[in-house]
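# Tertiary structure, described
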Amino acid sequence: WKNKIQNYLVIKYEDLVKDPYKEFNKIVGYLEELMNQNFNKIKIKNAIESSSFDKLQKLEKNGYFKEYNNETNFFHLGPENNWEKNLKKEIVDEINFKFKNEMIELGYL
């Protein structure tokens, strides 16, 4: 995508889970520069806290999401959702082979 898109920001899910404040601030900084606008830091902090996996999972369990049913949770694994652990080894190997350059660039290999 580096060859096709001029202005972009890459945010990896793992980094967002590991340090949401750092990654969200990267997003905010990118948008502020792109839009030539400043965002309220308190609102940013509140947005991060109110959208944490634990918070959303509790809201789901308390019936605040109409999609929720007793059989399936939308907010199931969250930070524990690791594609390398959840996919068969053959599929992981195929992804690593077919997307080797991208995987190296993103720090997965």
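Let me begin by describing the structure that accompanies this report. The residue numbering used here restarts from 1 in each chain and proceeds along that chain's sequence as written. Side-chain atom pairs in this predicted model are given and counted only at pLDDT of 80 or more, local residue features only at pLDDT of at least 70, and totals for whole chains, interfaces and linings cover all residues. With hydrogens and water stripped out, all remaining heavy atoms of the structure feed into the side-chain values.

## Some thoughts on the overall build of the chain
Helix numbers and strand numbers start at the N terminus; a helix is a DSSP run of H or I with at least 4 residues, a strand a run of E with at least 2. Looking only at helices and strands, the chain features 7 helices and 0 strands. When its helices and strands are written in sequence order, the chain yields α-α-α-α-α-α-α. The quantity called the radius of gyration is restricted to C-alpha atoms. Its globule counterpart is 2.2 Å times the number of residues to the power 0.38. For 109 residues, the compact-globule formula gives about 13 Å, and the C-alpha radius of gyration of the chain, at 18 Å, lies well above that figure. Relative accessibility thresholds used throughout: buried, under 20% of the residue-type maximum; exposed, over 50%; partly exposed, between the two (1.4 Å probe, protein chains only). Looking at the chain as a whole, 13% of its 109 residues are labelled buried. Should any heavy atoms of two residues lie within 4.5 Å, those residues are considered in contact. Contacts spanning at least 24 positions in sequence make up 33% of the contacts within the chain whose residues lie at least 6 apart. Residue burial considers only the protein chains on display, and all accessible areas are found by Shrake-Rupley using a 1.4 Å probe. Of the roughly 9,300 Å² of accessible surface on the chain, 53% is carried by carbon and sulfur atoms.

## Description of the environment of tyrosine 108
Along the chain, the position of tyrosine 108 falls in the segment after helix 7 (100-105). With a relative accessible area of 26%, tyrosine 108 lands in the partly exposed category. For the pair tyrosine 108 and phenylalanine 24, spaced 84 residues apart in sequence, the C-alpha separation works out to 21 Å. Residue contacts for tyrosine 108: discarding those within four places in its chain leaves Lys12, Glu14, Trp83 and Met103. Here a polar contact means two N or O atoms within 3.5 Å. Within protein one must be a hydrogen donor candidate and the other an acceptor candidate, and residues neighboring in sequence count only if both atoms are side-chain atoms. A distance of 2.8 Å separates polar atoms of two side chains, one belonging to tyrosine 108 and the other to glutamate 14.

## Concerning a nonpolar patch on the surface
Think of a patch as exposed residues, more than 30% relative accessible area, with no salt bridge, where like charges cluster within 9 Å and nonpolar side chains (Val, Leu, Ile, Met, Phe, Trp, Tyr) cluster within 5 Å. A carboxyl oxygen of Asp or Glu within 4 Å of a side-chain nitrogen of Lys or Arg is what we treat as a salt bridge. Among the surface-exposed residues, Leu31, Leu34 and Met35 lie close enough to one another that they form a single nonpolar patch of about 250 Å² accessible area. By the element assignment, leucine 31 lies in helix 2 (residues 20-35). Relative accessible area serves as the criterion here: at 30%, leucine 31 is assigned to the partly exposed category.

## Side note on the packing of helix 2 against helix 3 (residues 41-50)
Axes here mean lines fitted to C-alpha atoms, for a helix over just the part in contact, with angles spanning 0 to 180 degrees between N-to-C directions. The contact between helix 2 and helix 3 brings their axes to 11 Å, and the two run at 135°. By the angle between their axes, helix 2 is oblique relative to helix 3. Relative to helix 3, the crossing made by helix 2 is right-handed. Contact residues: helix 2 offers Pro20, Tyr21, Phe24, Asn25, Val28 and Glu32, while helix 3 offers Lys41, Ile44, Lys45, Ile48 and Glu49. Geometric relationships in this document are graded by angle, where less than 35 degrees denotes roughly parallel, more than 145 denotes roughly antiparallel, 65 to 115 denotes roughly perpendicular, and other angles denote oblique. Crossing handedness is read from the near helix: turned anticlockwise from the far helix by less than a right angle, it gives a left-handed crossing, and turned clockwise, a right-handed one.

## Some thoughts on the packing of aromatic side chains
Pairing of aromatic side chains requires ring centres within 6.5 Å, counting the rings of Phe and Tyr and the six-membered ring of Trp. Pairs whose planes differ by under 30 degrees are stacked, by over 60 edge-to-face, and all others tilted. Applying the stated criterion across every chain, the model contains 0 aromatic pairs. Whether a charge sits over a ring comes down to the Lys NZ or Arg CZ being within 6 Å of the ring centre and within 35 degrees of the ring normal. Note that lysine 12 overlies the ring of tyrosine 108, its terminal NZ or CZ placed 4.6 Å from the centroid.

## Observations concerning unusual backbone geometry
For asparagine 36, which is not a glycine, the phi torsion comes out positive at approximately 55°. Mapped onto the elements of the fold, asparagine 36 is located in the loop between helix 2 and helix 3. Its relative accessible area of 72% is what places asparagine 36 among the exposed residues.

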